[in-house]
Amino acid sequence: MKLISVIFAVVLWFLVVIADNPKETRTFANIPVTLTNVELLEKEDKVYEVLDNSDRVRVTVEVPRSDLDKLRSSDIVAEADMSKLTAVNTIAISFYVMNDDVSVSNITGNRDVVQLNVEDKVSMWKPVDYKLQGAVAENYMVAGVSLNQTRIEVSGAQSAVEKIDHAFVEFDVTGATTEQSPNLEIKLCDAEGKILDLPNVTTSADHIVMTVQVLAVKEVPIELSSTGIPAEGFLATGEMSCDPASVMIAGSSSALANISKISIPQEQLDITDAEESLVNVINLKNFLPVNVRLADSSFNGRVTATVYIEPRAERTLTIPEENISLSQLPEGLDWEFDEESEPCRLKISGLNAVISEVQESELYGTIDIGKWMQEERITVLKPGIYEVPVAIEAPENVDVEEEAVIQVVITEVKEDEV
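Residues numbered from 1 in each chain as written. Predicted model: local features only at pLDDT ≥ 70, side-chain atom pairs only at ≥ 80, totals over all residues. Heavy atoms only, no water.

(A) Representation of the overall build of the protein chain within the structure. Each helix and strand in the protein chain was counted, giving six helices and 28 strands. Computed over the C-alpha atoms, the radius of gyration of the protein chain is 54 Å, more than 25% above the 22 Å expected from 2.2 N^0.38 for a compact globule of 418 residues. Overall size of the protein chain, expressed as C-alpha extent along the three principal axes, is 200 × 40 × 30 Å. Residues counted as buried form 33% of the 418 residues belonging to the protein chain. At a minimum sequence separation of 6, the contacts of the protein chain that also span at least 24 residues come to 76%. About 25800 Å² of surface is accessible on the protein chain, with carbon and sulfur atoms providing 46% of the total. The average position of the 32 basic charges and that of the 72 acidic charges among the side chains of the protein chain differ by 23 Å. (Helix = DSSP H or I, 4+ residues; strand = E, 2+ residues; numbered from the N terminus. Rg over C-alpha atoms; globule rule 2.2 N^0.38 Å. Buried < 20%, exposed > 50% of the residue type's maximum accessible area, 1.4 Å probe, protein only. Contact = heavy atoms within 4.5 Å. Areas by Shrake-Rupley, 256 points an atom, 1.4 Å probe, with all protein chains shown as cover. Lys, Arg positive; Asp, Glu negative; His and termini not counted. Charge placed at Lys NZ, Arg CZ, Asp CG, Glu CD.)

(B) The arrangement of the environment of R72 in detail. Locating R72 in the fold gives a position in the loop between β3 (56–64) and β4 (76–81). Along the backbone, R72 and P127 are 55 residues apart, and their C-alpha atoms lie at a distance of 50 Å. A polar side-chain atom of R72 sits 2.6 Å from the main-chain carbonyl oxygen of D69. (Polar contact = N/O pair within 3.5 Å; in protein donor to acceptor, adjacent residues only side chain to side chain.)

(C) A look at the environment of G193. For G193, the position within the fold is in the loop between β12 (187–189) and β13 (202–203). Counting along the chain gives 169 residues from G193 to E362, while the straight-line C-alpha distance between them is 78 Å.

(D) Structural view of the sheet that holds strand β20 (residues 302–311). Pairing is antiparallel in the open sheet, where three strands are placed in the order β15-β20-β18. Two strands close off the open sheet at either side, each with one partner strand: β15 (234–243) and β18 (278–283). Neighbour-to-neighbour, the strand axes of the sheet open up by a mean angle of 20°, direction not taken into account. In this sheet, β20 lies alongside β15 in antiparallel orientation, the contact comprising seven bridges. What sits directly across from S241, in β20, is T306. (Pairing = 2+ DSSP bridges. Axes fitted to C-alpha atoms, helices over the stretch in contact; angles between N-to-C directions.)

(E) Region of the structure containing the pattern of salt bridges. On inspection of all chains with the given rule, the structure shows eight salt bridges. Across the pair K46 and D120 runs a salt bridge whose closest N-O atoms are separated by 2.7 Å. Of this pair, K46 sits in strand β2 (residues 46–50) while D120 sits in strand β7 (residues 113–133), placing them 74 residues apart in sequence. Residue class for K46 comes out partly exposed when judged on its relative accessible area of 26%. (Salt bridge = Lys/Arg side-chain N within 4 Å of Asp/Glu carboxyl O.)

(F) Looking closely at unusual backbone geometry. For the peptide bond that leads from D243 to P244, omega is 0°, which places it in the cis range. By secondary structure assignment, the location of P244 is in the loop between β15 and β16 (246–251). The backbone of D52 shows a phi angle near 55°, a positive value even though the residue is not glycine. D52 gets classed as exposed once you look at its relative accessible area, which sits at 61%. A positive phi angle, close to 65°, is found at N291, a residue other than glycine.

(G) How the structure looks around the pairing of strand β10 (residues 166–172). Most of β10 is tucked away: five of the seven residues are buried. The pairing of β7 with β10 spans six bridges and is parallel. Opposite Y130, over in β10, you have V169 as the bridge partner. When β10 meets β12, the two strands line up antiparallel, connected through three bridges.

(H) Representation of the side chain of E119 in the model. Position of E119 among the secondary structure elements: in strand β7. Of the buried charged residues, E119 lacks a salt bridge, with K163 as the closest side chain of opposite charge at 8.0 Å. What E119 contacts, discounting residues up to four positions off in sequence, is D45, K46, V47, A157, Q158 and S159.

(I) Summary view of the sheet that holds strand β24 (residues 345–350). Read across the open sheet, the three strands follow the order β21-β24-β27; overall the sheet is antiparallel. Two strands lie at the open edges of the sheet, namely β21 (313–318) and β27 (398–402), each paired on one side alone. Ignoring strand direction, the axes of neighbouring strands in this sheet form an average angle of 35°. When β21 meets β24, the two strands line up antiparallel, connected through six bridges. Paired with A313 across the bridge in β24 is G350.

Geometric values such as these leave the question of function open.
In structure tokens form, the structure reads like this:
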């Protein structure tokens, strides 16, 4: 009877304990699954990707009621050992609680395995392109862009790496007036330029330094000059042309401040003994000031310069008698034009456009009898018919080819005319 009483007391105590401290469950969401021994895949040059967020689980733990307040989500451990990877790329998940003060009766998860996508790891070199956004300040230009590296190495799962066509960086140059050197984040793109989000792909560099050269620009005319004299019978018209007549140049603001033109040395256009217009192709790059360049990179700097030359034109003009005067006639003598002689003619030459504008009515001549007598060593001028020179003041840029002469009649003044 005593033994039966002891057994009954123990059972009764156990039932009281269970009634006072029953088992309860608590569920913890979003518990991460730790993958162990991942280096085993790395040794085989393989990479993995977790599918369907299967590395996040919901874990339910059964513990006595008295231990519930001791249990934290950080105590819950979920692990998957990569060494136990199956042929279908799954790994069983193990669950346990890292808390010695908690008595765990049962622990389960809403999923039993982590699902992986396992692929060969590959590395490829991809080119790096750049893109500029916006526009620099007015009267400035982007003169050049360079990157501190033009290729990067990308590594990861073969299927991911093969999606990558190139890497690129972009920078906004809006309003820039000086050189820019930003450190830019590298982005990966497919062949259509779409930015790719590939978290498991690594690159040999995360950022690239871009150098953007920004220069001031200015349009200036090209100034020509020539040297030499054309062949006999030919004249330079004085006109020169250049195609193009002006160019855009680039440089620092201070370098362009005092530049108003580009002058071509006259030695480049030597018209000595030329019998036709001189056409010469000149490379402007040889005559640009220091630290100044052509703004248009597609322009090779060659311009066509022309010095216009044409044959000397001739024209014979008749000077109206009323436009001819006589001076220094000795006292006691009178004069008149010889009515039977040829009219006074003047032969001129020059550029056709110039001599064609000369009007006979606008030409005036002077007969200097005193000077003529001195040249002819005539001390006493006797009445008679004389052929005397007529001094004509030729218009500008007109040459007199032959001296104009005319016959005059010298007579004595009668006493009754005095």
